[in-house]
Amino acid sequence: WAMRRGGYDAEVILIGMLKDPDKEVSGQAHISLKKTWAAHFNMWINNRVDRGRLLMSENKLEEAFEIFDKVAYENPLWGEGYHLRAKCWNAMK
């Protein structure tokens, strides 16, 4: 449920389930929380990426590319930054 619906309510429920006496329930809550938190990324990066996508939709490709280039440079382990930069680069051709 938490993975499909997401949101802070789901996280609160999962955190509460960590202390469940049933080991299977608490174990699954632990794994679900790890997956949920791994799916979230730094909100500042998300804001920059959203700004870059907006600029791409407005056909301001050079500005968008600068944003995606900086995101990829600052977060080399995050593959989505490279993907967005490549998509913008290809659109500029």
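It should be emphasised that the depicted structure is a prediction, and the values quoted were computed from it without experimental measurement. Along each chain, residue indices are assigned from 1 in the same order as the chain's sequence is written. Only residues with pLDDT of 70 or above have their local features reported here, since the model is predicted, and side-chain atom pairs are shown and tallied only from 80 upward, although totals for entire chains, interfaces and linings are computed over all residues. Side-chain measures were taken over the full set of non-hydrogen atoms in the model, leaving aside hydrogen atoms and water.

Asks: I would appreciate a short explanation of the overall build of the chain in the present structure.
Replies: A tally of regular secondary structure across the chain gives 6 helices and 0 strands. Only DSSP runs of H or I covering at least 4 residues are called helices, and only runs of E covering at least 2 are called strands; the numbering of each starts at the N terminus. Helices (α) and strands (β) of the chain occur, in sequence order from the N terminus, as α-α-α-α-α-α. Burial classes follow relative accessibility: with a 1.4 Å probe on protein chains only, a residue under 20% of its type's maximum area counts as buried, one over 50% as exposed, and anything between as partly exposed. Scored against the burial criterion, the 93 residues of the chain give a buried share of 28%. Contact criterion: two residues are considered in contact whenever any of their non-hydrogen atoms come within 4.5 Å of each other. A separation threshold of at least 6 residues defines the contact pool for the chain, and within that pool the share at least 24 residues apart is 36%. Only carbon and sulfur atoms are counted for the fraction: they give 56% of the accessible area of the chain, which is about 7,000 Å². Shrake-Rupley sampling with a 1.4 Å probe provides the accessible areas, and residues are treated as covered by the protein chains on show and by no other component.

Asks: Help me understand unusual backbone geometry in this model?
Replies: Trans is the prevailing form of peptide bonds, just as negative phi is the prevailing case for residues other than glycine. Unusually for a residue other than glycine, asparagine 59 sits at a positive phi of about 65°. One can find asparagine 59 in the loop between α4 (43-57) and α5 (61-74).

Asks: Would you mind showing me how to read α5 here?
Replies: Expected span, for any helix, means 1.5 Å times one less than how many residues it has. Over its 14 residues, α5 runs 20 Å from end to end, which matches the ideal 20 Å to within 8%, given 1.5 Å per residue. Among the residues making up α5, those that are buried are Leu61, Ala64, Phe65, Ile67, Phe68, Val71 and Ala72. Taken around the axis of α5, the buried residues stretch over an arc of 160°, which confines them to a single face. Residues of α5 that are exposed and point more than 90 degrees away from the buried face comprise Glu62, Glu66 and Tyr73. Here, the arc refers to the directions that run from the helix axis to the C-beta atoms.

Asks: Please explain the pattern of salt bridges as it appears in this structure.
Replies: The salt bridge definition used is simple: a Lys or Arg side-chain nitrogen within 4 Å of an Asp or Glu carboxyl oxygen. Scanning the model with the defined rule gives 5 salt bridges in all. Of the charged contacts, one joins lysine 70 and glutamate 74 as a salt bridge, the two residues approaching to 3.9 Å between their closest N and O atoms. Taken together, the positions of lysine 70 and glutamate 74, both in helix α5 and 4 residues apart, correspond to about one turn of that helix.

Asks: Just checking my understanding: could you explain the packing of α5 against helix α6 (residues 79-92) for this structure?
Replies: When two helices pack together, their arrangement is given by the angle between their axes and by how far apart the axes lie. At a minimum axis separation of 8 Å, α5 and α6 run at an interaxial angle of 155°. With respect to α6, the axis of α5 lies roughly antiparallel. Of the two elements, α5 crosses α6, and the hand of that crossing is left-handed. Of the residues in α6, those in contact with Leu61, Glu62, Ala64, Phe65, Phe68, Asp69, Val71 and Ala72 of α5 are Gly81, Tyr82, Leu84, Arg85, Cys88, Trp89, Ala91 and Met92. Residue polarity is assigned by list, with Asp, Glu, Lys and Arg as charged and Ala, Val, Leu, Ile, Met, Phe, Trp, Tyr, Cys and Pro as nonpolar; anything else, Gly included, falls into the polar class. Of the residues belonging to the contact of α5 with α6, the class tally is 12 nonpolar, 1 polar and 3 charged. Geometry is summarised by axes, namely lines fitted to C-alpha atoms with helices restricted to the contacting stretch, and by angles between N-to-C directions that run from 0 to 180 degrees. These descriptions rest on fixed angle ranges, namely under 35 degrees for roughly parallel, over 145 for roughly antiparallel, 65 to 115 for roughly perpendicular, and the rest for oblique. In this scheme the handedness of a crossing depends on how the near helix is turned from the far one: anticlockwise by less than a right angle means left-handed, clockwise means right-handed.

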